[in-house]
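# Observations on chain architecture
Below, each chain spelled out in residue letters.
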Amino acid sequence: MSPVSSTPAAESATRDRMSALEWRAGGSLASIFALRMLGLFLILPVFAEYARTLPDGHDAQRVGLAMGIYGLMQAFLHIPLGALSDRIGRKPVMLFGLVCFIAGGIVAAMSDTLLGITIGRAIQGTGAISAAITACLADLTREQHRTKVMAMVGGSIGLTFALSLVIASPLYQWMGMSGMFWLMAVLGAIAIGVVLFGVPTPPALSATDRTPFRVVLANPDLLRLNVGVLALHAAQVAMFMVVPSMLSDAGIALTAHWKVYLPVVLVSFVLMVPPMIWAERHGKVRQVLLAAVAMLTLAQLLFAQVHAMWPIVGALLLFFFAFNILEAMQPSLVTRFAQASRGAALGVYNTTQALGMFVGGAVGGLLLKQAGRPAVFYGCAAVLGLWLIIAWNMKAPPSRRRPQPVSA
């Protein structure tokens, strides 16, 4: 009798399982994302409050610039560093970016002015390695498993964001903002260890494997997703310039903000699962995406009107429910609309995401300074409403099983 492993069915089952190398690649690259993003997310809930204690931190516009400068630097460098990784390899670019991340954290940790922190954040932003990491992931995984591994990365970022909302305030009380920047540097050093000893070395690319960017830039479906991620992260950064002070004014001490964030984020993660499953099973991805954008817009309008604790909590829950759906759905859609050009498409996507973070910080700070809290939320609602209009005519995504080359 032939061994089971030699039958066609067994061979097919083996191909359908992720290999040990794919599990290693997914786990190690997801951990690099998580380590970097934890350091960045940790300051988001507390930085605006901390800035008030600095001698030059009373200008809301400058505070917004300090929060957003990281995203601006990333926006300039995602595509060049992604292209460089095609030429010299993924790992050297990842190591360079992590060294920049550590150096910027040290500069910010040793600064006692908003200007010094802004410079440190700018240095951190030069380490724009998201495109290189994602391209490395694509190099090391087979087509049939790539979406699963990208989901691992997306899940690690989402869980990291949830964790940061919970522990940011206690860490700030324990080690101060300087200590939190030192912690960023330590997390960056750990990530370097993961690159050196955890990430498999991907195969080198030939010149013919390098994808031009012009075709990706002209694709209308990818353009809608790029506009979407810019709007999503601009709203996220801008609203968190205001939400911490709203919670404080509602009677919740800064050290207790995690008691609001933790249940809200956990409940939102639970609530997002059924619509995601329903969308995939019934081919309703477009409808769920549009509904989530509409809910984000509604959440901003609610924030502009509420002041008491429970209405604020309700608006937060609505925001995170929609935010988590979009944060998980959009990168997957990029890979499906650009199955033949994923690296280039994700490089552009990461660039617009970073640009959104900068716009949210800079414009959010300007609105807060010139017109007060409600203007920030109305501005976010306007941007998200524009996204809803632009996304309305998006096509249903192609099947996961059929390669779909990008076309203008």
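Residues numbered from 1 in each chain as written. Predicted model: local features only at pLDDT ≥ 70, side-chain atom pairs only at ≥ 80, totals over all residues. Heavy atoms only, no water.

### What about the overall build of the protein chain?
Here is the rule we go by: In this description a helix means any DSSP run of H or I spanning at least four residues, a strand means any run of E spanning at least two, and both kinds are numbered starting from the N terminus. Only protein chains enter the accessibility calculation, which uses a 1.4 Å probe. A residue is then buried if its area is under 20% of the maximum for its type, exposed if over 50%, and partly exposed in between. Shrake-Rupley sampling with a 1.4 Å probe provides the accessible areas, and residues are treated as covered by the protein chains on show and by no other component.
A tally of regular secondary structure across the protein chain gives 16 helices and zero strands. Within the protein chain, the proportion of its 408 residues that are buried is 56%. For the protein chain, the exposed area adds up to about 16900 Å²; of that, 69% sits on carbon and sulfur atoms.

### A word on the environment of phenylalanine 197
With respect to the secondary-structure elements, phenylalanine 197 resides in helix H8 (residues 143-197). Sequence-wise, phenylalanine 197 and serine 28 are 169 residues apart; in three dimensions their C-alpha atoms are separated by 9.3 Å.

### Re the packing of helix H5 (residues 90-109) against helix H7 (residues 130-140)
Heads up, the rule is: Note on definitions: angles span 0 to 180 degrees between N-to-C directions of axes, and those axes are lines fitted to C-alpha atoms, for helices only across the stretch in contact. Relative orientations are named as follows: roughly parallel for angles under 35 degrees, roughly antiparallel for angles over 145 degrees, roughly perpendicular for angles from 65 to 115 degrees, and oblique for any other angle. Helix crossings fall into two classes, left-handed where the near helix is turned counterclockwise from the far one by less than a right angle and right-handed where it is turned clockwise. What makes two residues a contact is simply this: any of their non-hydrogen atoms within 4.5 Å. When residues are sorted by character, Ala, Val, Leu, Ile, Met, Phe, Trp, Tyr, Cys and Pro go into the nonpolar class, Asp, Glu, Lys and Arg into the charged class, and all the rest, Gly among them, into the polar class.
At a minimum axis distance of 9 Å, the contact between H5 and H7 shows a crossing angle of 150°. Between H5 and H7, the interaxial angle falls into the category roughly antiparallel. At the point where H5 passes H7, the crossing takes the left-handed sense. Packed against H5, whose contacting residues are Arg90, Val93 and Met94, the element H7 presents Ala132, Ile133, Ala135, Cys136 and Asp139 at the interface. Its residues assigned to classes, the contact of H5 with H7 comprises six nonpolar, no polar and two charged.

### Focus: the side chain of glutamine 300
Mapping glutamine 300 onto the fold places it in helix H13 (residues 285-303). Glutamine 300 sits in the buried class, given a relative accessible area of 0%. The residues contacting glutamine 300, other than those within four sequence positions of it, are Met239, Phe319, Phe377, Cys380, Ala381 and Leu384.

### Considering the packing of aromatic side chains
To be explicit about the condition: Pairs were defined over the aromatic rings of Phe, Tyr and Trp, the Trp ring being its six-membered one, requiring ring centres within 6.5 Å. Orientation was assigned from the angle between planes: stacked under 30 degrees, edge-to-face over 60, tilted for the rest.
All chains considered together, the criterion is met by eight aromatic pairs. Geometrically, the ring pair formed by phenylalanine 47 and tyrosine 50 is tilted, given 6.2 Å between the ring centres and 45° between the ring planes. Of this pair, phenylalanine 47 and tyrosine 50 both sit in helix H3 (residues 47-51), three residues apart, roughly one helical turn. Of the two residues examined, phenylalanine 47 and tyrosine 50, each falls in the buried class. Consider the rings of tyrosine 50 and tyrosine 172, whose centres lie 6.1 Å apart with planes at 80°: the pair is edge-to-face. You can see tyrosine 50 sitting in helix H3 and its partner tyrosine 172 sitting in helix H8, a full 122 residues away along the chain. Residue tyrosine 50 shares its accessibility class with tyrosine 172, and that shared class is buried.

### Focus on a nonpolar patch on the surface
Using the following cut-off: Residues qualify for a patch when their relative accessible area is over 30% and they have no salt bridge, like charges being joined within 9 Å and the nonpolar side chains of Val, Leu, Ile, Met, Phe, Trp and Tyr within 5 Å. Salt bridge, as used here: a side-chain nitrogen of Lys or Arg that lies within 4 Å of a carboxyl oxygen of Asp or Glu.
On the surface, Val227, Leu386, Ile389 and Ile390 cluster together into a nonpolar patch covering about 340 Å² of accessible area. Of all the elements, helix H16 (residues 373-391) adds the most residues to the nonpolar patch, at three residues. Here isoleucine 390 lies in helix H16. You can call isoleucine 390 partly exposed: its relative accessible area is 33%.

### A word on the confidence of the model for the protein chain
Basically, it comes down to this: Per residue, pLDDT captures the predictor's confidence, and it can take any value from 0 to 100.
Of all residues in the protein chain, 86% attain a pLDDT of 70 or more, and the chain-wide mean is 81. At the low end of the mean pLDDT range in the protein chain sits helix H1 (residues 8-16), at 52; at the high end sits H5, at 94. Ignoring residues within four places in sequence, the model shows residues 1-5, a span with pLDDT below 50, making three contacts including any to other chains.

### Observations regarding the nonpolar core
Convention followed: Only buried residues count toward a nonpolar core. Its members are Ala, Val, Leu, Ile, Met, Phe, Trp, Tyr and Cys residues joined through side-chain atoms within 4.5 Å.
One finds Phe47, Phe303 and Leu316 to be the most contacted residues of the largest nonpolar core, which totals 125 residues. Sequence-distant contacts of phenylalanine 47, defined by excluding residues within four places in its chain, comprise Val63, Ala66, Met67, Leu114, Ile117 and Met177. Counting residues in hydrophobic clusters, the runner-up holds five residues, among them Ile69, Ala122, Phe358 and Ala362.

### Topic: the environment of glycine 228
Structurally, the position occupied by glycine 228 is in helix H10 (residues 220-239). Between the alpha carbons of glycine 228 and leucine 388 there is a distance of 8.5 Å; along the sequence they are 160 residues apart. Setting aside anything within four residues of it in sequence, one finds glycine 228 in contact with Gln330 and Trp387.

### Examining H16
Operational definition: Each residue after the first adds 1.5 Å to the expected span of a helix.
Helix length check: H16, at 19 residues, gives a terminal C-alpha distance of 28 Å against a target of 27 Å (1.5 Å per residue), a fit within 8%. Within H16 the residues assigned to the buried category are Ala375, Val376, Phe377, Cys380, Ala381, Leu384, Trp387 and Ala391.

### Looking at the pattern of salt bridges
In a structure, side chains of opposite charge can pair up when their charged atoms sit close to one another. Per the counting criterion, the structure on display carries two salt bridges. A salt bridge links arginine 224 to aspartate 221; the nearest nitrogen and oxygen atoms lie 3.4 Å apart. One end of the pair, arginine 224, and the other, aspartate 221, are both in helix H10, three residues apart, so they sit about a helical turn from each other. When its relative accessible area of 5% is taken as the criterion, aspartate 221 is described as buried. When the shortest N-O distance is used, the salt bridge between aspartate 249 and arginine 373 registers 2.5 Å. On the criterion of sequence distance, the pair formed by aspartate 249 in helix H11 (residues 243-249) and arginine 373 in helix H16 is long-range, its members being 124 residues apart. The class for aspartate 249 is exposed, based on a relative accessible area of 57%.

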